[in-house]
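# Working through the structure, step by step
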Amino acid sequence: METEKQEKNWSLRLAIALPFVMIAFVVASIYLPRLWAPAPKYDFVYHDGQDYGSAVTFRVIDGALIKEEVKRIEGVYYTEPHLYLYDIATDNSRRVSFEEARDLKLDGSRVSPDGFSIESGIESRGDFSGSFGGYPKPLVYLKGHMVSRKLHGGFDAEDSNSGFQFIGWVVK
Amino acid sequence: MNKEELLQAVTHASKEKQVTRDEVVQAYDAGLESKLAPTEGHRFGIAEILYYLGGGIVVLGIGILISDNWEDLSSFTRIFSTLGSGLVAYVVGVLLSKQEGRGEWGQAFHLIAACVLPIGLFVVLDEMNVDTSSYGVMSLVYISLLGLYLFSYRMFQKALFMLASIVFGSLLFVSGTDWLADGTALFDTGDFVSYQFLVMGLTYLLLGYGFVGKAESALTKYLYVFGLFFSLGSALALGGWSPEQNWFWEIIFPGLALGTIFLSLPLQSRSFLILGSIFLIAYILKITGEYFTDSLGWPFALVVAGLALIGVGALFVRLNNRYKGIS
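The text that follows walks through the structure, step by step, so that each part is easy to find.

## Things to note about the overall build of chain A
Counting its secondary structure elements, chain A contains 2 helices and 10 strands. What you see in chain A, going N to C, is helices and strands ordered as α-β-β-β-β-β-α-β-β-β-β-β. Of the contacts made within chain A by residues no fewer than 6 positions apart, 67% connect residues no fewer than 24 positions apart. When the accessible surface of chain A is summed, it comes to about 10400 Å², and 56% of that surface belongs to carbon and sulfur atoms.

## Focus: the overall build of chain B
Check the secondary structure of chain B and you find 13 helices and 0 strands. Secondary structure elements of chain B occur, N-terminal to C-terminal, as α-α-α-α-α-α-α-α-α-α-α-α-α. Counting the 327 residues in chain B, one finds 40% classified as buried. Partitioning the intrachain contacts of chain B with sequence separation of at least 6 by distance along the chain shows that 64% fall at a separation of at least 24. Accessible surface, chain B: about 17500 Å² in total, of which carbon and sulfur atoms supply 69%.

## With respect to the side chain of S152 of chain B
All names here are of chain B. Relative to the helices and strands, S152 is located in helix α6 (residues 135–156). S152 gets classed as buried once you look at its relative accessible area, which sits at 0%. Those residues in contact with S152 that lie beyond four places of it in its chain are Y90, Q157 and F161.

## Quick word on the interface of chain A and chain B
Each side of the interface is counted separately: chain A has 27 residues, and chain B has 33 residues. Where chain A abuts chain B, roughly 2600 Å² becomes buried across the two surfaces, and 69% of that area is made up of carbon and sulfur atoms. Along the contact surface separating chain A from chain B lie 0 salt bridges. At the junction of chain A with chain B, the criterion picks out 2 residue pairs in polar contact (both at pLDDT 80 or more). Residue assignment for the side of chain A that touches chain B shows that the elements contributing at least two residues are α1 (2–36), β8 (137–144) and β9 (147–151) of chain A. With 17 residues, α1 of chain A is the largest single contributor of residues to the side of chain A that touches chain B. A breakdown of the residues in the side of chain A that touches chain B according to their chemical character gives 13 nonpolar, 6 polar and 8 charged.

## Some thoughts on the packing of aromatic side chains
To describe a pair of aromatic rings, one takes the distance between the centres and the angle between the planes. All names here are of chain A. The tally for this structure, following the rule as stated, stands at 24 aromatic pairs over all chains. Here the aromatic cluster, defined as three or more aromatic residues joined through ring pairs, consists of F44, Y46, Y84, Y86, F164, F166 and W169. The ring of W10 carries R13 above its face, with NZ or CZ at 5.2 Å from the centroid. The positively charged end of K67 is found above the aromatic ring belonging to F98, 4.9 Å away from the centroid.

## A short note on the pairing of strand β5 (residues 92–96) of chain A
Inspection of the sheet shows strand β4 (residues 83–87) of chain A paired to β5 of chain A by 5 bridges, in the antiparallel sense. When the bridges of β5 of chain A are listed, Y84 of chain A appears paired with R95 of chain A.

## Topic: the sheet that holds β4 of chain A
The 5 strands are arranged β5-β4-β1-β10-β6 (chain A) in an open sheet whose pairing can be described as antiparallel. Here the strands that pair on one side only, and so sit at the sheet edges, are β5 and β6 (106–107) of chain A.

## Focus: the pairing of strand β1 (residues 44–47) of chain A
Residues and elements named next belong to chain A. In β1, alternate side chains face the same way, and those of F44 and Y46 on one face and V45 and H47 on the other are all buried. Two strands pair when backbone bridges link them, and β1 and β4 are joined in this way by 4 bridges, in the antiparallel orientation. The partner of F44 across the bridge, within β4, is Y86.

## What to know about the side chain of T177 of chain B
Topologically, T177 of chain B is positioned in helix α7 (residues 159–181). Judged by its relative accessible area of 0%, T177 of chain B is buried. Leave out the neighbours within four places in its chain, and T177 of chain B touches I23 of chain A together with F192 and Q196 of chain B.

## Let's talk about a nonpolar patch on the surface
All names here are of chain B. A cluster of nonpolar side chains, F300, V303, V304, L307 and I310, forms an exposed patch at the surface whose accessible area comes to about 480 Å². Position of I310 among the secondary structure elements: in helix α13 (residues 298–320). The class for I310 is exposed, based on a relative accessible area of 59%.

## Considerations on unusual backbone geometry
Residue and element names in this part refer to chain B. A positive phi angle, near 60 degrees, is found at N129, a position not held by glycine. Along the chain, the position of N129 falls in the loop between α5 (103–127) and α6. Notably, Q157 is not glycine yet its phi reads approximately 55 degrees, a positive angle. Locating Q157 in the fold gives a position in the loop between α6 and α7. For Q157, a relative accessible area of 46% gives the class partly exposed.

## Notes on the packing of α6 of chain B against α7 of chain B
All names here are of chain B. As a packed pair, α6 and α7 sit with axes 8 Å apart at the nearest point and diverge in direction by 155 degrees. The angle between α6 and α7 places the two elements in the roughly antiparallel class. Helix-helix and strand crossings are classified by hand; for α6 and α7 the assignment is left-handed. When the residues that make up the contact of α6 with α7 are grouped by side-chain class, the tally is 17 nonpolar, 7 polar and 1 charged.

## Let's talk about the nonpolar core
In terms of nonpolar packing, the biggest core is built from 41 residues, with Y142, Y149, I166, F168, L207, F211 and L223 of chain B touching the most fellow members. Breaking this core down by element, the ones donating at least two residues are α1 of chain A together with α4 (75–97), α5, α6, α7 and α9 (191–211) of chain B. When sequence neighbours within four positions are dropped, the list of residues in contact with F211 of chain B reads L12 of chain A together with M162, I166, E216, S217, L219, T220 and L223 of chain B. Of all hydrophobic cores here, the second largest spans 24 residues; its members include L228, L273, L275 and L315 of chain B.

Definitions and limits used
- Residues numbered from 1 in each chain as written.
- Chains lettered and ligands numbered in written order.
- Predicted model: local features only at pLDDT ≥ 70, side-chain atom pairs only at ≥ 80, totals over all residues.
- Heavy atoms only, no water.
- Helix = DSSP H or I, 4+ residues; strand = E, 2+ residues; numbered from the N terminus.
- Contact = heavy atoms within 4.5 Å.
- Areas by Shrake-Rupley, 256 points an atom, 1.4 Å probe, with all protein chains shown as cover.
- Buried < 20%, exposed > 50% of the residue type's maximum accessible area, 1.4 Å probe, protein only.
- Buried area = accessible area lost by both parts, 1.4 Å probe.
- Salt bridge = Lys/Arg side-chain N within 4 Å of Asp/Glu carboxyl O.
- Polar contact = N/O pair within 3.5 Å; in protein donor to acceptor, adjacent residues only side chain to side chain.
- Nonpolar A, V, L, I, M, F, W, Y, C, P; charged D, E, K, R; others polar.
- Phe/Tyr/Trp six-rings, centres within 6.5 Å; stacked < 30°, edge-to-face > 60°.
- Lys NZ or Arg CZ within 6 Å of the ring centre and 35° of its normal.
- Pairing = 2+ DSSP bridges.
- Patch = residues over 30% accessible without salt bridge, like charges linked within 9 Å, V, L, I, M, F, W, Y side chains within 5 Å.
- Axes fitted to C-alpha atoms, helices over the stretch in contact; angles between N-to-C directions.
- Parallel < 35°, antiparallel > 145°, perpendicular 65-115°, else oblique.
- Left-handed = near helix turned anticlockwise from the far one by under 90°.
- Core = buried A, V, L, I, M, F, W, Y, C linked by side-chain atoms within 4.5 Å.

Just distances and angles here, no functional claims.
In structure tokens:
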């Protein structure tokens, strides 16, 4: 009887401990890699156009930014994407003109010279009052060396087209 | 034997270690109609079902009334009608539970409080322009409610408070781990949700086992059912689908399902037998559809699956025959 009671008490203790074990594992897997991962060094250029409906496209050829007009289809609404330079040190971005971006030396690879890459998605957030759906804004992550970090700056500016298209790393 | 003699006899038996505290509590609870019976075999009567149904309909009514007129309500009215209703229901539940013969009415009001209080807290935060959809805010709400119901359980020793604690504890666990992992590669994997439910499922099973023979044993059956759904369902989902399957989970899952079936004997739980069998059948169908339809042809795959299901059925009947009279 006493053994059975001890078994059940251990079962209750293990039940309470198990969620904390998972939380500890989650914390360790997120924060431990940050201790040895190098700090990202390279800024990057992106534009806020969507996959479709952008009036122009941007490419990096031989380290330089190239702008190309899209062949327009009648009846389709096109938006002019805005260019941005993301400062990795301050986790913020600022809008730049095409001429300013063209003066930068860019690397159009997905992976930066120090081993990081950019991944993006779309977030849809509702508010409690019931107007579910919200207004989508881009979710942008910097990933590499077993670390993933959400980038916060400047993706939901008021006059932004709410898209995110990575163009290239600034290699100066 | 008068009350003094009875209490002295209990004291003497306790000193001689002839009875344990749990046995004394069980004997006491068995004599009361207003508390849940301390055995796994507790059955809800028609009256109890109606009380809880009534409580659920009250919550539904409040919800519809408030949501239909939400835009016309002031901040104070919104808070008063939600958080205020929840607090009033909680207090009424406490008062009714103290009265002999009205315990179930109290339970119904506690159910109303448990449903309405979280809504009320979110309304308060929303009126303060706090982002109620963030994981951190949700965690704050759930930890507050967990604290309230753990305190209530400690004070009043009702199984319903333990149930509410488990529910809010689970919500806190999900929102808390989402908050920690948000923005990381870990969170982006679809497996993260499966692991959350796996841990919750195992926790429920351990709690269910730990409650056997205690005052909360009425919750054991439900904890087993939800625990098995979450844990076996997660393990099955973690196996993935070819060509992106996870070999570890696909190989160990039949062991988990069979282990669940055989655990039904020592645990004396038909839930383990039934759900273990259902998930084993689901696994057989999954594997058949995943690996055999292209290579061996659909008809042959169906024959293999059918034979396997017959085997599972035979095992089920054999074990079930040993369970006559056990719930």
